[in-house]
Amino acid sequence: MTQTQRLELPYRSIPDMFLHRVAETPDARAFGHPAPDDDADPIWLTWREVGERARAIGAGLTTLGVQPEDRVAVLSSTRLDWILADLGIMLAGAATTTVYPTTEPEEAVYIVADSGSKVLIAENPDQAAKLDGADLPNLTVVVLIDGAPSGTEPVKTMTLAEVEAAGRAATTADPQLIDRIAAGVEGDRLATLIYTSGTTGRPKGVELLHAGWVWQGKTQQDTGILRSDDLQYLWLPLSHSFGKTLLCGMLYVGLPTYVDGRVDKIIDNLGRIRPTLMCAAPRIFEKVYNRVVTGAQADGGAKWKIFTWAVAVGKRASAQRLAGCEPGGMLKVQAAIADKLVFSKLRARLGGRMRAMVSGSAPLSAEIGEFFFAAGLPILEGYGLTETSAGSFVNREGRERIGTVGQALGDLEVRLDTDGEVLLRGTPVMRGYHNLSDETAAAFTEDGWFRTGDIGELDAEGYLRITDRKKDLIKTSGGKYVAPSYIEGLFKSVCPYTSQAIVVGQARNYVTMLVTLDPDAIKAWAEGTALAGRSYAEIAASKEAEELVAGYVNELNTKLNRWETVKKFKILGRDLSIEDGELTPSLKVKRRAVEKSFEQDIERMYAGTLAEI
């Protein structure tokens, strides 16, 4: 399937789009953030206030010598100041280099050095200290969002407030400074340099242009993903392309957004903020699912029977809705009862006003998608890569097809290569990898299509189903191909105590699986047993946990082809983490890193003898 009619973009660049937003709705709510006292009401800024602060930061950066397309790095967690800094960088005509706050010092130094960033905006002195002692000849200034310079830093250091003050003075002397710079930023200019966390090797800097981000904003409005009457809850890492593309949608559409990157506050805050829209990685939806299912199991008896009955009824009713029909007769009555007894309570826990949720960054289990749809909480699964400015495909509200990532956005062109690899072409595709001409050339076909590295299927209406990563497909020693992500997603939907599942089997004669348990769910399960009060590691090593998981693995295997079945599994003594290098900051599993970390556990699963598949 290809689409050839090009979208006409109404704005040249992010600065153009942002300044129009401020002018059109100056007094509307723009961004909210937590008050210093968490129990107090959120603090909201209007678009006018956001515009004033962003202009001051942009002008302040010019006083530090920042020129068009110079790189300014941001090393911070998700917070309002991240957005203000990024918008200021855009208004200065510069390009933002994003650095995750969880990035280790060695990698942070590499990103700042490779990008040639002239200024670093760091969340606090601890984040700035990651660059201490590094040889960074391009870096001239460090700016702190929180905290104050000690006076002993090797590089000139100042606060963000001081940058803003300098910017206000500069615009007082030259009121047209920012407008003049913004007018010169065209769509083919570098806007963002995002380093892919990758699953192996050093990260690559992805060069993304202003036109691609404007395209993202327009297509999010055109498809109804974001609406001006929404209230969005934003916790996603802004260092990730998913967060950046949402920011561009906010500028284009003008919807109010509450910003709080503290993952441990999400559930509590949803009840207070009561958003209509939230975007997340699948792991967040999996955790909610696990908590709901294990909670119902713990209640036992009649409550568990009611829950399982309600889910079954909800799925039958939602199947009809997905097919374009409203349930009638007895099913309609049953669905209303199931909603009152079970699903309405789940919606209330998420604020009670959720219109839709968007899932991206990694595959979402179809079974979990069906559960949320049955609960009246549709998850619009989408797909994209850093190299395509994040958003490429998404399910539209009212036209969802669970198990797919929806249809292409805007005028994006898509086709499948002879081996099923998804190829993309269009405005949001990257210019290339920074300083890596060979890698850039290898990422494109001769006629300019970007190679995604994902294997997929397209139906007649353009709905895309991603079946696996091209590099992750397993070929057993018996010559059978196995798609790990399919099996892993299926297991997560079968076993509500799962945190991570990693299928192993390349060049082996059977498939095995590493499993980590959701710490909260498994500790709740252990209450009332001899394992109550034990640590995660003790529970994971117990015979009882082994038997629990074995039952779910047996259930999983009934849903698989014979050569896909999991013959052995190992419950790991800890969960995977970003800090241990086994998850990317967007919560994708680094398979090679996991297999290396737990090499001995894997080898033990293959130490016995089983008939070859």
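Everything below is about the structure printed above this text.
Note that the structure is a prediction, hence the values are computed from the model and not measured.

Focus: the pairing of strand 21 (residues 464-469)
Line of reasoning, step 1. Sheet analysis places strand 20 (residues 450-458) next to strand 21, joined by five bridges and oriented antiparallel. Residue pairing for strand 21: G456 is matched across the bridge by I466.
Line of reasoning, step 2. Taking the residues that link successive antiparallel strands as the turn, the strand 20-strand 21 hairpin has five residues, and the phi of G462 there is positive, at about 85°.

So, the packing of aromatic side chains
Ring pairs (aromatic) are described by centroid distance and by the angle formed between their planes.
Line of reasoning, step 1. In this structure the tally under the stated criterion is 14 aromatic pairs.
Line of reasoning, step 2. Taken together, a centroid distance of 5.5 Å and an interplanar angle of 85° make the contact between F371 and F372 edge-to-face. Each member of the pair, F371 as well as F372, carries the same accessibility label: buried.
Line of reasoning, step 3. Each ring, one from Y383 and one from F393, has its centre 6.3 Å from the other, and the planes form 55°; the classification is tilted. With a gap of 10 residues between them, Y383 in strand 14 (residues 379-383) and F393 in strand 15 (residues 393-394) connect regions that are remote in the sequence. Each of the two residues, Y383 as well as F393, counts as buried.
Line of reasoning, step 4. Following the ring pairs from residue to residue traces out a cluster consisting of F285, Y289, W304, F307, F343, F371 and F372.
Line of reasoning, step 5. Its end group placed over the ring of W44, R29 keeps NZ or CZ at 4.2 Å from the ring centre.
Line of reasoning, step 6. The ring of Y433 has K204 sitting right over it, with the charged end atom 4.4 Å from the ring centre.

Remarks on the layout of surface pockets
Line of reasoning, step 1. Looking at the second largest pocket, its volume works out to about 640 Å³.
Line of reasoning, step 2. Lining the second largest pocket we find 29 residues, and of these T102, V263, I578, P585 and L587 sit closest to its centre.
Line of reasoning, step 3. Looking at the lining of the second largest pocket, the elements with two or more residues in it are helix 11 (282-299), strand 24 (498-504) and helix 17 (519-526).
Line of reasoning, step 4. Broken down by element, the lining of the second largest pocket gets its largest block of residues, three residues, from helix 11.
Line of reasoning, step 5. Looking at side-chain class alone, the lining of the second largest pocket contains 14 nonpolar, nine polar and six charged residues.

Some remarks on empty space enclosed by the protein
Empty space among the atoms becomes apparent when a probe as large as a water molecule is rolled across them.
Line of reasoning, step 1. Taken as a whole and judged by the stated rule, the model has four cavities of 30 Å³ or more.
Line of reasoning, step 2. Forming the boundary of the largest cavity are L364, S365, A366, G369, I379, E381, N395, E400, R401, I402, G403 and T404.
Line of reasoning, step 3. Taken together, the residues that form the lining of the largest cavity break down as four nonpolar, five polar and three charged.
Line of reasoning, step 4. Approximately 60 Å³ is the volume attributed to the second largest cavity.
Line of reasoning, step 5. W235, L236, P237, H240, F242, A281, S361, P585, S586 and L587 together form the lining of the second largest cavity.

As for a nonpolar patch on the surface
Line of reasoning, step 1. A cluster of nonpolar side chains, I306, W309, M330, V333, I337 and L341, forms an exposed patch at the surface whose accessible area comes to about 530 Å².
Line of reasoning, step 2. No other element matches the four residues that helix 13 (residues 329-349) contributes to the nonpolar patch.
Line of reasoning, step 3. Looking at the element boundaries, M330 is found in helix 13.
Line of reasoning, step 4. Judged by its relative accessible area of 57%, M330 is exposed.

So, the nonpolar core
Line of reasoning, step 1. Residues F18, F31, V143, M278, F371, F372 and F393 are the most contacted members of the largest nonpolar core, which totals 126 residues.
Line of reasoning, step 2. Broken down by element, the residue count for this core peaks at nine residues, all from helix 3 (residues 80-91).
Line of reasoning, step 3. Setting aside residues up to four positions removed in sequence, F18 forms contacts with W47, V50, G51, A54, L87, L91 and L251.
Line of reasoning, step 4. With 31 residues, the next largest nonpolar core counts A501, M513, L548 and V566 among its residues.

Here's the deal with the sheet that holds strand 13 (residues 356-359)
Line of reasoning, step 1. Here nine strands make up an open sheet; going across it, the order is 2-1-11-10-12-13-14-15-16 and the pairing mixed. Of all strands in the sheet, those bounded by a partner on one side alone are strand 2 (43-46) and strand 16 (407-408).
Line of reasoning, step 2. Pairing between strand 10 (residues 232-234) and strand 12 (residues 277-280): two bridges, direction parallel. Residue Y233 lies in a different strand from strand 12, and its bridge partner there is M278.
Line of reasoning, step 3. The sheet strands contacting helix 2 (residues 47-63) are strand 1 (29-33) and strand 2, and the helix crosses strand 2 at an angle near 80°.
Line of reasoning, step 4. Its contacts with the sheet put helix 11 on strand 12, strand 13 and strand 14, and the angle it makes with strand 12 is roughly 110°.

Observations concerning the pairing of strand 12
Side-chain positions along a regular strand alternate between the two faces of the sheet.
Line of reasoning, step 1. Burial along strand 12 is two-sided: L277 and C279 and M278 and A280, pointing in opposite directions, are all buried.
Line of reasoning, step 2. As judged from the four bridges shared by strand 12 and strand 13, these two strands associate in the parallel manner. Across the sheet, the residue bridging to A280 is S359, located in strand 13.

What about a negative patch on the surface?
Line of reasoning, step 1. Together, E104, E106, E107 and E579 line one region of the surface with negative charge.
Line of reasoning, step 2. Checked against the element boundaries, E104 lands in the loop between strand 4 (95-99) and helix 4 (105-115).
Line of reasoning, step 3. The partly exposed category is assigned to E104, whose relative accessible area is 48%.

Some points on helix 1 (residues 14-24)
Line of reasoning, step 1. Of all the 11 residues making up helix 1, eight are buried; the element is thus mostly covered by neighbouring parts of the structure.
Line of reasoning, step 2. Buried residues of helix 1: I14, P15, D16, M17, F18, L19, R21 and V22, and no others.
Line of reasoning, step 3. Its buried side turned inward, helix 1 meets helix 2, helix 3, helix 7 (177-183), strand 8 (190-195), helix 8 (210-222) and helix 9 (241-253).
Line of reasoning, step 4. The distance from a side-chain oxygen at the start of helix 1 to the backbone nitrogen of D16 is 3.3 Å, and the residue carrying that oxygen is S13.

Quick word on the sheet that holds strand 21
Line of reasoning, step 1. Judged by pairing direction, the sheet is antiparallel, and its four strands sit side by side in the order 17-18-20-21 without closing on themselves. Of all strands in the sheet, those bounded by a partner on one side alone are strand 17 (413-416) and strand 21. On average, each strand axis in the sheet is inclined to that of its neighbour by 50°, with strand direction left out of account.

Here is what the cut-offs are and how they apply
- Residues numbered from 1 in each chain as written.
- Predicted model: local features only at pLDDT ≥ 70, side-chain atom pairs only at ≥ 80, totals over all residues.
- Heavy atoms only, no water.
- Pairing = 2+ DSSP bridges.
- Helix = DSSP H or I, 4+ residues; strand = E, 2+ residues; numbered from the N terminus.
- Phe/Tyr/Trp six-rings, centres within 6.5 Å; stacked < 30°, edge-to-face > 60°.
- Buried < 20%, exposed > 50% of the residue type's maximum accessible area, 1.4 Å probe, protein only.
- Lys NZ or Arg CZ within 6 Å of the ring centre and 35° of its normal.
- 1 Å grid on protein atoms, 1.4 Å probe; cavity = no way out; pocket = protein on both sides within 12 Å on 5 of 7 lines; lining within 4 Å.
- Points joined across faces, edges and corners; volume = space filled by probe spheres on them.
- Nonpolar A, V, L, I, M, F, W, Y, C, P; charged D, E, K, R; others polar.
- Patch = residues over 30% accessible without salt bridge, like charges linked within 9 Å, V, L, I, M, F, W, Y side chains within 5 Å.
- Areas by Shrake-Rupley, 256 points an atom, 1.4 Å probe, with all protein chains shown as cover.
- Salt bridge = Lys/Arg side-chain N within 4 Å of Asp/Glu carboxyl O.
- Core = buried A, V, L, I, M, F, W, Y, C linked by side-chain atoms within 4.5 Å.
- Contact = heavy atoms within 4.5 Å.
- Axes fitted to C-alpha atoms, helices over the stretch in contact; angles between N-to-C directions.
- Lys, Arg positive; Asp, Glu negative; His and termini not counted.
- Charge placed at Lys NZ, Arg CZ, Asp CG, Glu CD.
- Polar contact = N/O pair within 3.5 Å; in protein donor to acceptor, adjacent residues only side chain to side chain.

Just geometry here; none of it tells us what the structure is for.
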